[in-house]
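Understanding the architecture of this molecule
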Amino acid sequence: MNPVNNAPRLLMRQLHEIMASADAAEERLNKVVHLVAINMVVEVCSAYFVRGGDVLELFATEGLKSEAVHITKLRVGQGLVGLVASTGVSLNLSDAQSHPKFVYLPETGEEIYKSLMAVPILRVGKVVGVLVVQNKTSRQYSEEEEEALQTVAMVLAELVVGGELLNQQDQNEGIVDKAGIMRFEGLVFAEGFAEGVVVMHEPKLEILDHLSEDYDLQLKRLDRGFERLLRQIDEMMSAEDVIHHGEHREILDVYKLFAHDKGWRTKIETAIEGGLTAEAAVEKIQIENRSKMMKTNDPYLRERLSDLDDLAYRLIRHLMGKAGTAASINLPDNSVVVAQNMGPAELLDYDREKLKAVILQEGSSTSHVAIVARALGIPMVGQLGEGILDLEENVQIIVHGLDGEVYISPPPDILESYRDNIAARAKLLARYDDMRDKPVITKDGVEVELVINGGLAMDIEGMHRTGATGVGLFRTEFQFMISETLPRIHPQAEFYKSIIDAADGKPVTFRTLDIGGDKEVSFLKREKEVNPALGWRAIRIAFDRPALLRYQLRALITAAAGTTLNVMFPMITDVSEFKFAKEILKRELDRHRKNNRPMPKDVKVGTMLEVPSLVWQLDNLLPNVDFISIGSNDLMQFFFASDRENPKLNKRYDTLSPPALTMLQFIVKKCDEYNVPLTLCGEIGGKSIGAMALLAIGYRRLSIAPAAIGPVKMMIRSLDISSLEPLMNDLLSRSDQSIRGQLIQFAKDNDVRIQ
Ligand code: PEP
Ligand code: MG
């Protein structure tokens, strides 16, 4: 195919030669600015790069004083160059000095230059630098010239990839401390340590090959990419019609419109003919479109920008053959997976042998992905901030899942102290193991029962290892979440039986399916909800899809033949719901009996108490139940009207506060009055300080993650409840927003081991 215009192609060819040469990165950069200056007939061409998150440093210049290189620095947002860096939008000014943002930098000698054009150097959608050209005369640069400069800027982003021009610290927004060590701080969701290499959960689209002279090949690749993109949109549209009844149809229509847009495709083809690879051509056109659309005042067009961004991103993914998460790639043996957030099913997709830790930009400790991580013993640190998404794949990383710290490319002294920490932790774990058979009893002789929360077969090993006396909550939904199809009765029954057998006579309380909210199952598509946590989930789904519950109960009854079946229902909001669920169970038991199947020896039916309305129905509820289990994770999110998944709210309300603890105390009193066994199976019981508070208000049975049994038991054995009770009574009458501080102080003063 014949090129349309030779000038850009010449620039591309020379650029290719420079970039492909064996020269050092800075040398190549110098040659590129020289090339641009000559090719575009400008007196100045300079390249700035972002260092340490918010400083723009002059790295190369043709035309400005060479002494200014590495000396001239601007803050992102300062001056015209800083403006381009902060907005990601190009500037094209025939009279730069009259722009309100213009600042004069004496060391550069730039006062004599009147016109300026500056474009962002973008990498994976983020500004890493700015490329600038200037002329002495008042010159209006053409649109073609702006596009050419954008292409050069795009190619220059390659220099950042190898870390030769900028080191890892310059490319991230984590804290770089005085010793130059890059570190991120977050919250511990699942304890443990890990040393490994960074693997991005959603692999970044790093275009490594920008230039190609095999136009036919690139055009063919583009054709194939478009084919896949259109197929994907069609699939999304039919899924949309089935699942969401066309709710998002409008957005997909826009996608389709763009994807079929001849103008878009022709521009990409022209960019390929100008010497770019197919993916680089898509990126180039996207940068241009973005820059144009950002300049319009039309709100509709500006809104469409993100659709077009997304579409271009999808096309690039298809061109690079990178769809799906890192779980489907060949993982390194010591992978530390980095994600913005992830669902529990996505975590379960990973090869557990190779996955050493997960770190999240967002997340919360009561989210189900965190619960699954704890169940699997995979260290997880969350709320680490945006910078972690900019980490390089494969760099060395250590995760300190006790302090919530993450170190990138750690120097030897940090590595050493980290390894010391591991050794200390191993000692502590050995002490927990030593306590395995010691009684769970306070210093003043109060017996407490510790049982585990589980959902996977391996949790039962955790129960035996820690000496816990049973399973207080078995989350049955995990099995459903990892299955593509609805698990049939027989395999369900087999699985539950394997759990009962493995528990070896210790009681297991099964909770019926609790899906919805953040717990997605692939075989049951749900409509998008505005408030999924308050929506169609748990028992609410079961009542609308009764076969789901009936089959599960049938499987549980079969599995429990000859033993006691302990079963409870999630998200019961009203006594009538409990009665209805119990009636369904009764019918299944009758059916089983009629069919002469082996029956459970005994059946105990209880409910989760995790919706506040139920607290005010206890007089009606308690006579009907065999036991109660408090799901404090949900109970607290509803009590405080504070989404347990929302990191912004994570620390805003404290369960260790007078209102929450007063409600929990009220439930204990009611259960005592009706002589109904009570367990608390939410995450507060798994923290030593939370468990201490619960004991002080009367709780005697806690169901917690296996990993929490050791620390909580150590706390219990060092506590004198009678000395805490009066303080607790006093604290509960106060109006403090949190009494955590006072409780920690009590523990310190009284040698209570809260770690
Ligand atoms: C709870 O809500 O506290 C609970 C134990 O259930 P889940 O975390 O599975 O919602
Ligand atoms: Mg719950």
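Just so it is clear, the structure is predicted and the values come from calculations on it, not from any experiment.

When helices and strands are tallied, the protein chain shows 27 helices and 23 strands. Dimensions along the principal axes, computed over C-alpha positions, put the protein chain at roughly 90 × 60 × 45 Å. Counting all 755 residues of the protein chain, 54% fall into the buried class. Just so you have it, the protein chain exposes about 32,200 Å², and 50% of that area is on carbon and sulfur atoms. The centroid of the 87 positive side-chain charges in the protein chain is displaced by 6 Å from the centroid of its 108 negative side-chain charges.

With the rule as written, the count across this model stands at 35 salt bridges. Between Glu288 and Lys284 there is a salt bridge, with the nearest N and O atoms lying 2.5 Å from each other. Here Glu288 and its partner Lys284 are both found in helix H9 (residues 278–295), 4 residues apart, which amounts to about one turn of the helix. Grouping residues by exposure puts Glu288 and Lys284 together as buried. Here the salt bridges do not stand alone but share partners, grouping Glu477, Arg511, Asp514, Arg537, Asp634 and Arg644 into one network.

Moving on, we come to the site of ligand 1. In the vicinity of ligand 1 there are 16 residues, among which Arg475, Arg511, Gly631, Asn633 and Arg644 approach most closely. Here an oxygen atom of ligand 1 and a backbone polar atom of Asn633 are 2.7 Å apart. Side-chain polar atom of Asp634 to an oxygen atom of ligand 1: 3.0 Å apart, as the coordinates give it. Computed on the free molecule, ligand 1 has an accessible area of 290 Å², of which 100% lies beneath the protein chains in the complex. Secondary structure elements with two or more residues in the shell around ligand 1: helix H12 (368–376), strand E17 (471–475) and helix H22 (632–639). With 3 residues, the top contributor of residues to the shell around ligand 1 is H22.

In this section: the coordination of the magnesium ion (ligand 2). Bound to the magnesium ion (ligand 2) are the protein donor atoms Glu610 (OE) and Asp634 (OD), situated 2.0 to 2.1 Å from the metal. With Glu610 in the loop between strand E20 (602–609) and helix H20 (612–615) and Asp634 in helix H22, this residue pair connects regions lying 24 residues apart in the sequence. Given a relative accessible area of 2%, Glu610 falls into the buried group.

Let us now look at the side chain of Lys670. Mapped onto the secondary structure, Lys670 falls in helix H23 (residues 658–674). Those residues within four positions of Lys670 in sequence are excluded, and the remaining contacts are Leu618, Asp619 and Leu622.

Turning to the side chain of His592, a few remarks are in order. Along the chain, His592 falls in helix H19 (residues 575–594). Take His592: its relative accessible area is 1%, and that puts it in the buried class. His592 has contacts with Arg554, Ile557, Thr558, Arg597, Pro598 and Met599, leaving out every residue within four places of it along the chain.

Two elements in contact, helix H4 (residues 143–156) and H9, have axes whose closest approach is 10 Å; the angle formed by their N-to-C orientations is 125°. Taken together, the axes of H4 and H9 lie oblique to each other. Crossing of H4 against H9: the hand is right-handed. Contact residues: Glu143, Glu146, Glu147, Gln150, Thr151 and Met154 in H4; Ala280, Glu283, Lys284, Ile287, Glu288, Ser291, Lys292 and Lys295 in H9. Broken down by class, the residue content of the contact of H4 with H9 amounts to 3 nonpolar, 3 polar and 8 charged.

Attention now goes to the domain arrangement of the protein chain. Along its sequence, the protein chain is carved into domain 1 (8–171), domain 2 (182–426) and domain 3 (435–749). Residue-level contacts link 25 residues of domain 1 with 28 residues of domain 2. Inspection of the domain 1/domain 2 interface yields 1 salt bridge. Applying the counting rule to domain 1 against domain 2 returns 2 residue pairs in polar contact (both at pLDDT 80 or more). If you list the elements that add at least two residues to the side of domain 1 that touches domain 2, you get helix H1 (6–20), strand E5 (115–123), H4 and helix H5 (158–161). A per-element tally of the side of domain 1 that touches domain 2 places H4 first, with 7 residues. Partitioning the side of domain 1 that touches domain 2 into residue classes produces 9 nonpolar, 8 polar and 8 charged.

Attention shifts here to the environment of Met715. Turning to its location among the elements, Met715 is positioned in helix H25 (residues 706–717). Counting along the chain gives 38 residues from Met715 to Arg753, while the straight-line C-alpha distance between them is 4.6 Å. In contact with Met715, not counting residues within four places along its chain, are Ser688, Ala691, Met692, Leu695, Val752, Arg753 and Ile754.

A few words now on helix H14 (residues 457–466). For H14, every residue scored as buried is listed here: Asp459, Ile460, Gly462, Met463 and Thr466. The buried residues of H14 occupy an angular sector of 155° when projected down its axis, which confines them to one face. Of the surrounding secondary structure, the elements contacted by the buried residues of H14 are H12, strand E16 (449–454), E17, helix H16 (489–503) and H25.

Rules of the game
- Residues numbered from 1 in each chain as written.
- Chains lettered and ligands numbered in written order.
- Predicted model: local features only at pLDDT ≥ 70, side-chain atom pairs only at ≥ 80, totals over all residues.
- Heavy atoms only, no water.
- Helix = DSSP H or I, 4+ residues; strand = E, 2+ residues; numbered from the N terminus.
- Buried < 20%, exposed > 50% of the residue type's maximum accessible area, 1.4 Å probe, protein only.
- Areas by Shrake-Rupley, 256 points an atom, 1.4 Å probe, with all protein chains shown as cover.
- Lys, Arg positive; Asp, Glu negative; His and termini not counted.
- Charge placed at Lys NZ, Arg CZ, Asp CG, Glu CD.
- Salt bridge = Lys/Arg side-chain N within 4 Å of Asp/Glu carboxyl O.
- Near = heavy atom within 4 Å.
- Polar contact = N/O pair within 3.5 Å; in protein donor to acceptor, adjacent residues only side chain to side chain.
- Donors = N, O, S within 2.8 Å, 3.2 Å for Na, K, Ca; no water.
- Contact = heavy atoms within 4.5 Å.
- Axes fitted to C-alpha atoms, helices over the stretch in contact; angles between N-to-C directions.
- Parallel < 35°, antiparallel > 145°, perpendicular 65-115°, else oblique.
- Left-handed = near helix turned anticlockwise from the far one by under 90°.
- Nonpolar A, V, L, I, M, F, W, Y, C, P; charged D, E, K, R; others polar.
- Domains from an automatic or database assignment.
- Arc of directions from axis to C-beta.

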